[in-house]
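Below are the chains, spelled out letter by letter.
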Number of protein chains: 2
Amino acid sequence: MRIVLVIQYDGKNFCGWQIQPNVRTVQETVENAIFELTGQKTSVTASGRTDSGVHAFCQVAHFDSESSIPPENYARALNVILPSDVKIVKSMQAPKEFHARFSAKKKTYRYTFYLSEVELPLFEPYATRIIRADINKMKEASQKLIGEHDFACFLASNSSVKDTVRTIYSCKVTKKNNLIYIDVCGNGFLYNMVRTIAGTLLSAGEGKILPSDIEAILKAKTRAKAGKTMPAKGLSLIKVEYKGIKIPKF
Amino acid sequence: MRIVLVIQYDGKNFCGWQIQPNVRTVQETVENAIFELTGQKTSVTASGRTDSGVHAFCQVAHFDSESSIPPENYARALNVILPSDVKIVKSMQAPKEFHARFSAKKKTYRYTFYLSEVELPLFEPYATRIIRADINKMKEASQKLIGEHDFACFLASNSSVKDTVRTIYSCKVTKKNNLIYIDVCGNGFLYNMVRTIAGTLLSAGEGKILPSDIEAILKAKTRAKAGKTMPAKGLSLIKVEYKGIKIPKF
């Protein structure tokens, strides 16, 4: 039986989603909990690998189970075993052909900045500090990213990915008190893409580039033209959307 | 020269504000940093003592300095010395007669609940989990607290305070996605008062008491009638107001 898990994690103390030797990963932590619960060695596939330090409000993953545990009971049973920084928000049965990665229609990431002259203890763990930014310039620049583009310019320079065309459905910049959120929804993202989009929109907000420069940056297709890659701690996966399966959102 | 410090701290790893032997407190951490900076032993007085585990977005404190350091430079200089969970948001000179506690006109605390069937890693550290609550009943109950009342019913049972009359200027209950905030502004608060107000409003939201019961609870003046004291981690000091001195707010 194919089971879907909706997973929330604080990425601070994880070396990302994907299993790697000798480091603590979300995937291994969840697979170990399933093994402890069912005695079954299984591979858990996520909608996408999040990087070291990146958070997830609603990561979606699937695995196949031979256990007789009712699908909706996995959440509660696994949460007893899981550590406090990763928990199952919801578990349910999925159609046999469901695939957390390939069935995903849209994904939304949020990048968070906070405005302050000094480091603030209550903001620092989940946001990146900036001194000032022109929110309207950031909004204007964000709109230039919408649509189908070759995002090679936002790809980490050490990546070997060939197809760098992705579609951004929406990119919203909002300010709430001293917080600036960048919510990017797309059909998929390249390695470091959202963190580099955040850095490029920040450059626009700081007046280092013009919002209209975004078009040239996209056309240039080289990493050097875009802004800095922002730190992982400010990034969260907030939503994954599928046809026919409803995922809770926070 | 009297210096005002606006201090933010994550209360998680502090045994509250006030110095006590053999435990880590905010007051001692700040006083040690001042000593390291100026070589001067000094006592730092806060607007009020926050309890073990309680957070502060903008605690206000004062101390007297004989150093020649310009008042506004203390923030940056102390932040180099201070650990990451307590930082000075702002420092400035105050009139000689300014007193962080006695000059305070109003204080605002926020209590945060989050709605979820399971523990959520990204909410758990700074909010208290509840399953469900009728927000309108909580709002209705909150309005009964406004005004000058004898809050003896909300006082921790082991307290020896004599004068238990306080004035609540406003008490706002708001819901944002799966978060419920209770913002209470008053001229002063008894020990555990906000955490017990939060528990009592939750009782109203859960239908265990009626909003109209609040009046009888206040009149009864005994701790037993009010709701449970909610955990410290959901409580934050968010604002302290003075006449003639502007304190930043987040």
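Conventions used here
Residues numbered from 1 in each chain as written. Chains lettered and ligands numbered in written order. Predicted model: local features only at pLDDT ≥ 70, side-chain atom pairs only at ≥ 80, totals over all residues. Heavy atoms only, no water. Salt bridge = Lys/Arg side-chain N within 4 Å of Asp/Glu carboxyl O. Buried < 20%, exposed > 50% of the residue type's maximum accessible area, 1.4 Å probe, protein only. Helix = DSSP H or I, 4+ residues; strand = E, 2+ residues; numbered from the N terminus. Phe/Tyr/Trp six-rings, centres within 6.5 Å; stacked < 30°, edge-to-face > 60°. Lys NZ or Arg CZ within 6 Å of the ring centre and 35° of its normal. Domains from an automatic or database assignment. Contact = heavy atoms within 4.5 Å. Buried area = accessible area lost by both parts, 1.4 Å probe. Polar contact = N/O pair within 3.5 Å; in protein donor to acceptor, adjacent residues only side chain to side chain. Nonpolar A, V, L, I, M, F, W, Y, C, P; charged D, E, K, R; others polar. Least-squares fit on C-alpha atoms with pLDDT ≥ 70 in both. Expected span 1.5 Å × (residues − 1). Arc of directions from axis to C-beta. Axes fitted to C-alpha atoms, helices over the stretch in contact; angles between N-to-C directions. Parallel < 35°, antiparallel > 145°, perpendicular 65-115°, else oblique. Left-handed = near helix turned anticlockwise from the far one by under 90°.

Evaluation of the coordinates by the stated rule reveals 22 salt bridges over all chains. In this structure, Asp10(A) and Lys12(A) form a salt bridge, with 3.2 Å as the shortest nitrogen-oxygen distance. Take Lys12(A): its relative accessible area is 46%, and that puts it in the partly exposed class. Taking the shortest distance from any N to any O, the salt bridge between Glu124(B) and Lys233(B) comes out at 2.5 Å. Of this pair, Glu124(B) sits in the loop between strand S5 (106-115) and strand S6 (128-130) while Lys233(B) sits in the loop between helix H5 (213-220) and strand S10 (235-241), placing them 109 residues apart in sequence.

The next point concerns the packing of aromatic side chains. For the structure shown, the criterion picks out 18 aromatic pairs over all chains. Taken together, a centroid distance of 6.4 Å and an interplanar angle of 75 degrees make the contact between Tyr9(A) and Phe14(A) edge-to-face. Residue classification places Tyr9(A) among the buried residues on the basis of a relative accessible area of 1%. A relative accessible area of 2% places Phe14(A) in the buried class. Three or more aromatic residues joined by ring pairs make a cluster, and in this case those are Tyr9(A), Phe14(A) and Trp17(A). One cation-aromatic arrangement involves Arg24(B) over Phe14(B); the distance from NZ or CZ to the ring centre is 3.9 Å.

All names here are of chain A. For chain A, the domain assignment lists domain 1 (2-102) and domain 2 (107-239). Inter-centroid distance (C-alpha atoms) of domain 1 to domain 2 is 28 Å. Facing 14 residues of domain 1, the contacting portion of domain 2 comprises 13 residues. Considering only the side of domain 1, the residues that lose the most area to domain 2 are Asp 51, Val 54 and His 55, jointly responsible for 45% of the buried surface there. At the boundary of domain 1 with domain 2, the tally comes to one salt bridge. The closest approach of N and O atoms between Arg 195 and Asp 51, which form a salt bridge, is 3.1 Å. For the pair domain 1 and domain 2, the number of links is nine residue pairs in polar contact (both at pLDDT 80 or more). Tallied by class, residues from the side of domain 1 that touches domain 2 come to four nonpolar, seven polar and three charged.

This brings us to the environment of Asn192(B). Assignment of secondary structure puts Asn192(B) in the loop between strand S9 (179-186) and helix H4 (193-205). The contact partners of Asn192(B), leaving out residues within four places of it in the chain, are Asp51(B), Phe154(B), Ala156(B) and Thr229(B).

Expressed as a screw operation, the relation of chain B to chain A combines 0.0 Å of axial shift with a rotation of 180 degrees, fitting to an RMSD of 0.0 Å. The relationship between the two copies is best expressed as a two-fold rotation axis. Across chain B, the rotation axis passes nearest the C-alpha of Pro125(B), at a separation of 5.9 Å. Most of the interface of chain B is mirrored in chain A, where 100% of its interface residues are also at the interface.

All names here are of chain B. With 13 residues, H4 should cover 18 Å at 1.5 Å per step; its first-to-last C-alpha distance of 18 Å lies within 8% of that length. With respect to burial, H4 is a largely interior element, 13 of its 13 residues being buried. After H4 finishes, the residue Gly 207 shows a positive phi value of roughly 80 degrees.

Now for the side chain of Thr196(B). Residues and elements named next belong to chain B. Here Thr 196 shows up in helix H4. For Thr 196, a relative accessible area of 0% puts it in the buried group. Ignoring any residue separated from it by four or fewer positions in sequence, one finds Thr 196 in contact with Phe 154, Arg 223, Ala 226, Gly 227, Lys 228 and Thr 229.

Turning next to helix H3 (residues 135-143) of chain B. Residue and element names in this part refer to chain B. Within H3 the residues assigned to the buried category are Ile 135, Met 138, Ala 141 and Ser 142. Down the axis of H3, the buried side of the element spans an arc of 125 degrees, and every buried residue falls inside it. If you follow the buried residues of H3, they end up packed against S5, strand S8 (165-176), S9, H4 and H5. The distance from a side-chain oxygen at the start of H3 to the backbone nitrogen of Asn 136 is 2.9 Å, and the residue carrying that oxygen is Asp 134.

Axes are the key here: two packed helices are described by the angle between their axes and the distance separating the axes. Residues and elements named next belong to chain B. Two elements in contact, H3 and H4, have axes whose closest approach is 7 Å; the angle formed by their N-to-C orientations is 135 degrees. One element, H3, and the other, H4, form an angle in the oblique class. As H3 packs across H4, the resulting crossing turns out to be right-handed. Across the interface between the two elements, Lys 137, Met 138, Ala 141 and Ser 142 from H3 touch Leu 201, Leu 202, Ala 204 and Gly 205 from H4. Partitioning the contact of H3 with H4 into residue classes produces five nonpolar, two polar and one charged.

This next bit is on the interface of chain B and chain A. Counting from both sides, the interface comprises 25 residues of chain B and, opposite them, 25 residues of chain A. Buried area between chain B and chain A, summed over both chains or domains, comes out near 2000 Å², and the portion from carbon and sulfur atoms is 72%. The largest share of the area that chain B buries against chain A comes from Pro121(B), Leu122(B) and Phe250(B), three residues that together contribute 32% of it. In this structure, the connection of chain B to chain A is made through two salt bridges. Between Glu117(A) and Arg76(B) there is a salt bridge; the shortest N-O distance is 4.0 Å. For the interface between chain B and chain A, the tally reads two residue pairs in polar contact (both at pLDDT 80 or more). By residue number, the principal contributor to the side of chain B that touches chain A is strand S4 (residues 86-93) of chain B, which donates four residues.

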